[in-house]
Amino acid sequence: MQAPRPDPAEAPREVAQSGATPTLAEMMRIDLHCHSEASHDSRTPLSSFVQRCKTRGISVQAITDHNQVWGAKKLQEICQGTGLTVIVGEEISSSEGELIGLFLEEKIPAGLSAKETIAHIKAQGGLVLLPHGFDPLKRWRLRPQVLEHLSSHIDIVETFNARISRPHWNRVAMRWADQHQLPQSAGSDAHTLAQVGDAWVQTPQRPINGPEDLLEALRAGTVMGRWTHPVVAFAYKIWDFAHRATTLPPT
Ligand SMILES: [Zn+2]
């Protein structure tokens, strides 16, 4: 099955300027939203990320499994010395919708209020990222009234999600981020290996050793990616589940 061609009118726009234009070789790609086999709805093996990210030119990959951090932590170990930087994240199901925590030390439980979830992220020195916050077809998006109430606690807004229901909702996120003068990110939201690397922030190369490095890199970056229609993405996921069920050893 072939993904529909994105409408040029729907293409992401550049969101930040970085002074003198670096050459492509001086740039790197960051994906801040991705799932692995540690998520209940993904079977992407942790062992496949190094090669896949290399193929797609991703230098910094956040692993943001649903309510888990063990996969991200394990991948961080696997990636020592490989040149791939892994950020330990978690897509947390608060009782009022999903939030992503980045640079986490330990798992944050699901089911807390959004405010409590944010407090847990900050207590670990982490960053709060708002994923797919404006797509009404994302059942678990953060509730709009909660978002407005807690907007001052959001550190990063995902303004390109490759699996959003319509590219329009990415543009709405972009406007909201502009209004609140917040750094913007891109997320493949990959649930299959093939989707890893479908969205990224392109930014001048720099080491990402902590939250401040990341925020500076995002501010100097450009949000980019390839949107996949959700029906196509769902079909890929079903295929991936069926295929990997027959090739992976039982756990
Ligand atoms: Zn996700």
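Asker: Would you take a moment to explain the coordination of the zinc ion for this structure?
Answerer: Ideal geometry at a metal centre gives angles of 109.5 degrees when four donors are arranged tetrahedrally and 90 or 180 degrees when six donors are arranged octahedrally. Taken together, the protein ligands of the zinc ion are His33 (NE2), His35 (NE2), Glu91 (OE) and Asp189 (OD), with distances of 2.1 to 2.3 Å. Around the zinc ion, the 4 donor atoms sit at angles spanning 81 to 177°, and that spread fits a shape best called irregular. We note that the donor set of the zinc ion lies within a single chain, spaced as H-x1-H-x55-E-x97-D. In this pair, His33 is assigned in the loop between β1 (27-31) and α1 (49-56) and Asp189 in the loop between β7 (184-187) and β8 (199-204), connecting sequence segments 156 residues apart. Accessibility expressed as a relative area gives 0% for His33, which makes it buried. Owing to a relative accessible area of 2%, Asp189 belongs among the buried residues under this scheme.

Asker: In this structure, what is going on with the sheet that holds strand β3 (residues 85-94)? I would like to understand it.
Answerer: To summarise the sheet geometry, strands pair through backbone hydrogen bonds and adopt either a parallel or an antiparallel arrangement. Strand order in the open sheet formed by 9 strands is β7-β6-β5-β4-β3-β2-β1-β8-β9, and the pairing between neighbours is mixed. On the outer flanks of this sheet lie β7 and β9 (222-225), each paired with one strand and no other. Across this sheet, the average inter-strand angle for adjacent strands is 30°, counted without regard to direction. The pairing of strand β5 (residues 127-130) with strand β6 (residues 156-161) spans 2 bridges and is parallel. Bridge pairing links Leu130 to Val157 in β6.

Asker: What is the right way to read the packing of aromatic side chains from this model?
Answerer: How two aromatic rings sit relative to each other is given by the distance of their centres and the angle of their planes. Evaluated as defined, the whole model comprises 1 aromatic pair. Taking the centre distance of 5.7 Å and the plane angle of 50° together, the rings of Phe134 and Trp176 count as tilted. In this pair, Phe134 sits in the loop between β5 and α4 (144-150) while Trp176 sits in helix α5 (residues 167-180), placing the two residues 42 residues apart along the sequence. Classification of Trp176 as buried rests on a relative accessible area of 5%.

Asker: Is there a simple way to explain the side chain of Thr159 in this structure?
Answerer: Among the structural elements, Thr159 can be located in strand β6. Since its relative accessible area comes to 1%, Thr159 is described here as buried. One polar contact links Thr159 to Gln184, side chain to side chain, over a distance of 3.0 Å. Sequence-distant contacts of Thr159, that is, excluding residues within four places in its chain, are made with Asn170, Ala173, Met174, Ala177, Gln184, Ser185 and Val223.

How each quantity is defined
- Residues numbered from 1 in each chain as written.
- Predicted model: local features only at pLDDT ≥ 70, side-chain atom pairs only at ≥ 80, totals over all residues.
- Heavy atoms only, no water.
- Donors = N, O, S within 2.8 Å, 3.2 Å for Na, K, Ca; no water.
- Tetrahedral: all angles 85-135°; square planar, octahedral: opposite > 155°, others 65-115°.
- Helix = DSSP H or I, 4+ residues; strand = E, 2+ residues; numbered from the N terminus.
- Buried < 20%, exposed > 50% of the residue type's maximum accessible area, 1.4 Å probe, protein only.
- Pairing = 2+ DSSP bridges.
- Axes fitted to C-alpha atoms, helices over the stretch in contact; angles between N-to-C directions.
- Phe/Tyr/Trp six-rings, centres within 6.5 Å; stacked < 30°, edge-to-face > 60°.
- Polar contact = N/O pair within 3.5 Å; in protein donor to acceptor, adjacent residues only side chain to side chain.
- Contact = heavy atoms within 4.5 Å.

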